[in-house]
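# Survey of secondary and tertiary structure
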Amino acid sequence: MEELDGEPVVTLIPGVNSKKQMCFDWGPGEILVCETFFNQKETSEMVPSCPFIHIIRKDVDVYSKILRKLFNESHGIFVGLQRIEEELNGKSRKAQLVRVSKNYRSVIRACMEEMHQVALAGKDGASGHQFSSQVSILSAMELIWNLCEILFIEVAPAGPLLLHLLDWVRLHVCEVDSLLADVLGTGNPSKHESFWNLVTILVLQGRLDEARQMLSREADANPASGDMCHILGDLMRTMPILSPGNTQTLTELELKWQHWREECERHLQDNTFAASPALESLCKIMLGDEATLLEQKELLNNWYHFLVTRLLYSHPTVKPIDLHIYAQSSLDMFLGGESSPEPLDNILMAAFEFDIHQVIKECSIALSNWWFVAHLTDLLDHCRLLQSHNLYFGSNMREFLLLEYASGLFAHHSLWQLGVDYFDHCPELGRVSLELHIERIPLITEQKALKVLRICEQRQMTEQVRSICKVLAMKALRDSRLGSALSWSIRAKDAAFATLVSDRFLRDYCEHGCFSDLDLIDNLGPAMMLSDRLTFLGKYREFHRLYGERCFSGASALLLSLMTSRIAPRSFWMTLLTDALPLLEQKQVIFSAEQTYALMRCLEDLTSRKLECEEPDAQKPQDDDIETTKLEMLRLALARNLARAIIKEGSLEGS
């Protein structure tokens, strides 16, 4: 049975009356909300209404300039990981996956540092607080990712595991470095008010070499405590730790550590440090005394620092399988029942329990966008840790989270291009999702449209290509850019729209006496076969070219074929017949008798149909006069040409 997450958080929309009936519509990345008058009684008190339509976005992080760098940089890492998947094998696989994980963390850290600088430089208090909050979120993201890297990707065994956890704590509890610089910056560090706090923190973090150096300064400045400082320094120096290049076994380490611990206890029982409470406290910490450790809550800052310090001085060879036991007890001891665990605590605890799915679930609930869970899940999937987990609605967890993240990117005017690659690497539903999202991209500029078109053509998304071309063709037609409109309609293979644009070309020709975009029409090629009207446009332009080249015989044959084949629109017949006039009046006979008869039949067919369809007051008198004059001129020219053709053909037969 599916586990329920509890009630969702209520989102309040400023200016909206919650007592009224609301109308909403879902979009791919946002919701439109407005008030309605539904079910409003006439007697009810009139309440001021909100005249606005509100847009509620589910992922506002894509609009942050700094976070956009995070999205852009991580996109390259993601794509690179998918490409090297086939090359990942054997021992190199783990090393490469760890390197990829570190690359992701470096991107998070770089973004966090930039956000921190912006927060410090911010003049506006509200924006500064917002940036600081974002820094905290990024810091938590890196903290979680680093722990997952240690436990799930590095899969560190007992011994090295503790070294990794120490590095993890040192990296994320970094106030000690600024404190160290502050103390050493004074003339007499041992007299600094924070000196013992600094030494204590160094011991808590296992930085014993630096702690010894500080104790030597105390010994030089205070000879009375010199012997005690040297003894404690020797204990720090001799503490057995499994270093990366060390070949000793865990059994050997445990024996050495036990002897060392007994020596520490002996000094404590002998009251070696009784004269110095600070040194005695340090010795108790090194013995892993829990009461003493809990006294340092302020210096430890958090329970997971307490956990690692406790493991260092009590269970240095802890096994990964036992981590969750110590983690839970450390959390309980540190909180002491005074407060409840935060979402971050729950996520870290799930990681220590090696419950990957719970980590992903808690992160999905706690974080404000899908970036973290999508990329972490993808990386863990490449580690083959999620192979068995399919969601109940058909997709696996990796693909579901990548789809959600990519959908959020498509809500942004430029980041949508990154989303395409995420959809590409979702084998089950990625293609369908990309088709649905790419149709919703607003094609504001032709440059953007060409980008979208190129993406669709590369993926053989035929329907989307046609849809985009139609949209661009319609925009061009509205702007009276007929050449562009025709070009897009041809690319879309839309016969109906090509016919519409061709009609506009012909109408413009009738109005202005010339064609625009001659280069396009002259080079239509096979594309003119898309529709009859487009074919006519191309052939009619060819007639004009032949006529201009004084190839009258070819021009006349083409003109006649356009009319007799009925490919020309009937509304254009009078224009074609008028174009025939100069050929009919040439000195040499261009049209044969048979061709002239064909032209005469077309003219009579045109006039008879006009008489049938004509209404009494359909045309103005002056239009009638112009039409009558054209008809008379055509009939006269046809009669003359017929007579000349008959005489010429008769003479040829007689000879």
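None of these values were measured; they are calculated from a predicted model. (Residues numbered from 1 in each chain as written. Predicted model: local features only at pLDDT ≥ 70, side-chain atom pairs only at ≥ 80, totals over all residues. Heavy atoms only, no water.)

## Remarks on the overall build of the protein chain
Counting its secondary structure elements, the protein chain contains 30 helices and three strands. Residues counted as buried form 45% of the 655 residues belonging to the protein chain. By sequence separation, contacts in the protein chain at least 24 residues apart represent 64% of the contacts at least 6 residues apart. Of the accessible surface of the protein chain, which amounts to about 35,000 Å², a share of 53% is contributed by carbon and sulfur atoms. (Helix = DSSP H or I, 4+ residues; strand = E, 2+ residues; numbered from the N terminus. Buried < 20%, exposed > 50% of the residue type's maximum accessible area, 1.4 Å probe, protein only. Contact = heavy atoms within 4.5 Å. Areas by Shrake-Rupley, 256 points an atom, 1.4 Å probe, with all protein chains shown as cover.)

## Some remarks on helix H22 (residues 462-478)
End to end, H22 covers 25 Å across 17 residues, agreeing with the expected 24 Å (1.5 Å per residue, within 8%). Of the surrounding secondary structure, the elements contacted by the buried residues of H22 are helix H20 (430-438), helix H21 (446-458), helix H23 (482-491) and helix H24 (495-512). Following H22 by one or two positions, Ser480 adopts a phi angle in the positive range, close to 60°. (Expected span 1.5 Å × (residues − 1).)

## Quick word on the packing of aromatic side chains
Centre-to-centre distance and the angle between the planes together describe a pair of aromatic rings. Under the defined criterion, the tally for this structure stands at 21 aromatic pairs. For the ring pair Phe410 and Trp416, a centre distance of 6.3 Å and an interplane angle of 55° mean the geometry is tilted. Each member of the pair, Phe410 together with Trp416, is buried. By relative accessible area, Phe410 is classed as buried at 12%. Put simply, the rings of Phe536, Tyr540, Phe543, Tyr547 and Phe552 touch in pairs and so form one group of aromatic residues. The ring of Phe334 carries the charged tip of Lys297 above its face, separated from the ring centre by 5.3 Å. (Phe/Tyr/Trp six-rings, centres within 6.5 Å; stacked < 30°, edge-to-face > 60°. Lys NZ or Arg CZ within 6 Å of the ring centre and 35° of its normal.)

## As for the confidence of the model for the protein chain
For the protein chain, per-residue confidence averages 83 on the pLDDT scale, and residues scoring 70 or more make up 85% of the total. Helix H15 (residues 343-352) holds the highest mean pLDDT among the elements of the protein chain, 95, whereas strand E3 (residues 54-57) holds the lowest, 65. (pLDDT = per-residue confidence, 0-100.)

## Details of the packing of helix H5 (residues 175-184) against helix H6 (residues 195-204)
In contact at an axis separation of 10 Å, H5 and H6 are set at 140° when each is read in the N-to-C sense. Judged on the interaxial angle alone, H6 and H5 are oblique. Read as a crossing pair, H5 and H6 show a hand that is left-handed. Of the residues in H6, those touching H5 at Val176, Leu179, Leu180 and Val183 are Phe195, Leu198, Ile201 and Leu202. Residues belonging to the contact of H5 with H6 are distributed by class as follows: eight nonpolar, no polar and no charged. (Axes fitted to C-alpha atoms, helices over the stretch in contact; angles between N-to-C directions. Parallel < 35°, antiparallel > 145°, perpendicular 65-115°, else oblique. Left-handed = near helix turned anticlockwise from the far one by under 90°. Nonpolar A, V, L, I, M, F, W, Y, C, P; charged D, E, K, R; others polar.)

## Thoughts on helix H16 (residues 356-366)
Within H16, the full set of buried residues consists of Ile356, Val359, Ile360, Glu362 and Cys363. Projected down its long axis, H16 carries its buried residues within an arc of 165°, all on one side. (Arc of directions from axis to C-beta.)

## Here we look at empty space enclosed by the protein
A water-sized probe, rolled over the atoms, reveals where empty space remains. Scanning the model with the defined rule gives three cavities of 30 Å³ or more in all. Counted as a void, the largest cavity has a volume near 60 Å³. The wall of the largest cavity is formed by Gly159, Leu162, Leu163, Met239, Pro240, Ile241, Leu242, Leu253, Leu312 and Pro316. Of the residues contributing to the lining of the largest cavity, the split by class is nine nonpolar, one polar and no charged. (1 Å grid on protein atoms, 1.4 Å probe; cavity = no way out; pocket = protein on both sides within 12 Å on 5 of 7 lines; lining within 4 Å. Points joined across faces, edges and corners; volume = space filled by probe spheres on them.)

## Some details on the side chain of Ser74
Mapped onto the elements of the fold, Ser74 is located in helix H1 (residues 65-83). Residue class for Ser74 comes out buried when judged on its relative accessible area of 0%. A distance of 2.7 Å separates a polar atom in the side chain of Ser74 from a polar atom in the side chain of Trp371. In contact with Ser74, not counting residues within four places along its chain, are Tyr104, Val107, Trp371, His375 and Tyr422. (Polar contact = N/O pair within 3.5 Å; in protein donor to acceptor, adjacent residues only side chain to side chain.)

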